[in-house]
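# Remarks on the overall topology
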Amino acid sequence: MSTALTALTLQDLIYDTRLLVGDSGDIANTYADKDIITAINYAIQQYCRFTGCNYVETTFAITNGATTNSFPFDYLMIQRVGYDTKWLLPTSVNDEYIKNPSWDTVIGTPIRWMMFSGSKIKITPYPASNATPIKVGYVKSPQLLAVLADAVDSTIPYSDHKYLKYAAVSFLLSIDSDKSDIEKGNFFMEQFKALIQKG
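A short tour of the structure in this document, coming up.

How each quantity is defined
Residues numbered from 1 in each chain as written. Predicted model: local features only at pLDDT ≥ 70, side-chain atom pairs only at ≥ 80, totals over all residues. Heavy atoms only, no water. Helix = DSSP H or I, 4+ residues; strand = E, 2+ residues; numbered from the N terminus. Buried < 20%, exposed > 50% of the residue type's maximum accessible area, 1.4 Å probe, protein only. Pairing = 2+ DSSP bridges.

### Some points on unusual backbone geometry
Cis geometry marks the peptide bond from Thr124 to Pro125, where omega comes out at -15°. The residue Pro125 is located in the loop between strand S8 (120-124) and strand S9 (134-140) in this model. Of note in the backbone geometry, Asn64 takes a positive phi value of approximately 50° without being a glycine. Turning to its location among the elements, Asn64 is positioned in the loop between strand S2 (62-63) and strand S3 (66-67). For Asp84, which is not a glycine, the phi torsion comes out positive at approximately 60°. With respect to the helices, strands and loops of the structure, Asp84 is situated in the loop between strand S4 (75-83) and strand S5 (86-87). A relative accessible area of 63% places Asp84 in the exposed class.

### Considering the pairing of S8
Buried residues dominate S8, accounting for four of its five residues. With antiparallel pairing between neighbouring strands as the criterion, strand S7 (residues 112-116) and S8 make up a hairpin whose turn holds three residues, including Ser117 at a positive phi of roughly 50°.

Right, here's the structure in full:
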């Protein structure tokens, strides 16, 4: 008999999530299948956000301090942006405008970065030369589950698959407007965070 861990499938997670929420594992009593699947995919994304398990770094060309291409849509969050050999500080258009209304025309050594104009990244001040690309570190979106046989993304350790049900139940309880359900949902999310940090 093998004791090796294997990836949980969507079917496994639906069953486990239903049991944790108080339903029979095989029957949709409280939540529809589509809601359970949405909650499980939310849990997988939350795992990646909290742990950074899908962290990727890539470079982008810049023109006048902004990326020339849009950032890929398969990301959950941008963690850091670098220029030359330094990581830059995050900022916002509002913060920069308060400091200097002409912030987007200032040329110099880049210090800060922001999401700008939809899905582009802008650095400020912007360098006189466009020769050096920026480096972007981001958490890539994991493979979401759609059919019962789909297995959890391999970047999530097998030993942590069993904890995904806690974040899924948190999501399900949070969509109810009942205060006690929202409080229970928060409890399950805290359990999820504690379990994945122990791992």
